[in-house]
Amino acid sequence: MSPDLGSATDPDVVLVGGGIMSATLASLLGVVAPEWSITVFESADAVAGESSDAWNNAGTGHAALCELNYTPAGADGRVDTTKARTINEQFMVSRQFWSHLVRTGLTGSPKDFISPVPHVSFVTGEDGRRYMRARHQALSAEPLFAGLEYADGHAELRDWVPLVMDGRDPAQVVAATRSVAGTDVNFGELTRLLLTQAEGRGVQVHTGQRVSGLEKLDDGRWKVTVTDKRSGEERSVRTRFVFVGAGGGALPLLQRAAIPEIRGFGGFPVSGLFLRTRSPELVTRHQAKVYGQAAVGAPPMSVPHLDLRLVDGEYSLLFGPYAGFSPKFLKAGSMFDLPLSVKPNNLSSMLGVARTEMALTKYLVTELLQSRSARHRTLLEFVPLAEQADWEMITAGQRVQVIKRDPTSGKGVLQFGTELIVGGDGTIAGLLGASPGASTAVSAMLTLVQRAFPERVAANRAALEEAIPSYGRDLSADPGLLAAVRADTMQTLELNG
């Protein structure tokens, strides 16, 4: 991967940011437009250094197997599986595309970026058990969630998650579901593999190059101004299409491009903190990802979870998240990122959220004031016998939550998800937001390709169906196809153990 522009010429496509989104889009364009020239600009010295880095996210292959905020219960107690079904199917699309890339020469073993890890949902109290039973009943009726197990006995749960159960009051009401179909994903390594494969077919990847300007030209192309971070030299290229996949840095760049579709959008940065242990004894006794419920009134980002991680061949456990605050939109960003993102066209959205999201404000203040011992007490609720000396605090990536204007009320709304922005003429696009982003990157970028390049999709539908066998079909409504896809991706990605 080139550290400078070198002899870069005007490409057909420019991808801003060397993370999982740009890497995925580069791979998809290799299917629908293999003859196009593509250039990637990454401001850091290496790709996948921000949100895609393994230690900057929890590595959960988000498939809604354990994340309780994807299965909300109504006032009548019934659990809505709509979002869970959508996210699970999107992750299955990712698995199919990754399998296709492995078959067509993705470097290394699939175990370098994905491994099987059971996903467990865990709750306490009678209300929690009642909800978990309803959730299990609702999801079990969905083909995508076949095999989901339920248990509420201490003995059985001690077999599932011994670290969570050891030392727990035997009279405490507990309940859990488990799916052995869960995964742990190293999105940093996956990003590097995707971009290495893309370079093999001619994609230019330049690191240490910060995109400092986006200007629409009279001929319909975009002038992309790039600053070399080492020399300070400015250069520019012209391109027919720009994708801004710069994580938290996407919002200011799209604002700089002055496209009307970005008007009203704002961003609220939140930094994540995790407790990590590499203790072999603890890791051996917790072979799962376990998600709990957020405290009453707390935002979805606060959902506690204890995750088994496999990074660079070494297992560890992460517990969190604990929230921190920084006005930076990227870990390597500027302290002025947040104030400079406030514009006349999004001021009302930003102020509206400031007025209405009092629960988030209270949560962040409480988190920021927590001492190390207070954070350890939170861990003890999940791991009753945890020793503080076994755990270290690490800072994960910056997440910029999307703030958008509600078209009905005109008020600002804080979103805990991702938002694809496509310019009206289809020559520029960007992705805002966070979870479940990386896990559903293929679906997000496929949607982008369909909206921006419908003629290429139509002309290459057979190639897309080869890469993603369920393309254009509903897996949840086709048990035969679902079974075939599940079996094929498990074998190709070596998820059988």
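Conventions adopted
- Residues numbered from 1 in each chain as written.
- Predicted model: local features only at pLDDT ≥ 70, side-chain atom pairs only at ≥ 80, totals over all residues.
- Heavy atoms only, no water.
- Helix = DSSP H or I, 4+ residues; strand = E, 2+ residues; numbered from the N terminus.
- Buried < 20%, exposed > 50% of the residue type's maximum accessible area, 1.4 Å probe, protein only.
- Contact = heavy atoms within 4.5 Å.
- Areas by Shrake-Rupley, 256 points an atom, 1.4 Å probe, with all protein chains shown as cover.
- Lys, Arg positive; Asp, Glu negative; His and termini not counted.
- Charge placed at Lys NZ, Arg CZ, Asp CG, Glu CD.
- Phe/Tyr/Trp six-rings, centres within 6.5 Å; stacked < 30°, edge-to-face > 60°.
- Expected span 1.5 Å × (residues − 1).
- Arc of directions from axis to C-beta.

Undergrad: I'd like to hear about the overall build of the protein, residue by residue, with values.
TA: Broken down by element type, the protein carries 16 helices and 20 strands. By principal-axis analysis of the C-alpha atoms, the protein measures approximately 70 × 50 × 45 Å. Split into buried and exposed, the 497 residues of the protein put 56% on the buried side. Considering only contacts within the protein whose residues lie at least 6 apart along the sequence, 73% involve residues at least 24 apart. Carbon and sulfur atoms make up 52% of the accessible area of the protein, which totals about 20,100 Å². For the protein, the distance from the average site of its 48 positive side-chain charges to the average site of its 53 negative ones is 4 Å.

Undergrad: Summarise the packing of aromatic side chains; cite the residues concerned and give the values.
TA: Counted under the stated rule, the structure contains nine aromatic pairs. On the numbers, 5.0 Å between centres and 75° between planes, the contact of tryptophan 36 with phenylalanine 453 is edge-to-face. You can see tryptophan 36 sitting in the loop between α1 (20-32) and β2 (38-42) and its partner phenylalanine 453 sitting in the loop between α13 (441-452) and α14 (454-459), a full 417 residues away along the chain. Residue classification places tryptophan 36 among the buried residues on the basis of a relative accessible area of 15%.

Undergrad: Tell me about helix α16 (residues 479-492), and please be specific about residues and values.
TA: An ideal rise of 1.5 Å per residue puts 20 Å on 14 residues; α16 measures up with 20 Å between its terminal C-alpha atoms. Within α16, burial applies to Leu481, Leu482, Val485, Thr489 and Thr492. The arc that holds every buried residue of α16, seen down its axis, measures 115°, which confines them to one face. Facing away from the buried side of α16 by over 90 degrees, the exposed positions are Pro479, Gly480 and Gln491. On the buried face of α16, the contacting elements are α2 (82-103). Residue glutamate 494 follows α16 closely and has a positive phi angle near 60°.

Undergrad: Go over the environment of glutamate 215 with me, naming the residues and quoting the values.
TA: Along the polypeptide, glutamate 215 turns up in strand β9 (residues 209-216). Considered as a pair, glutamate 215 and alanine 258 are 43 residues apart in the sequence and their alpha carbons are 8.4 Å apart. Setting aside residues up to four positions removed in sequence, glutamate 215 forms contacts with Arg221, Trp222 and Lys223.

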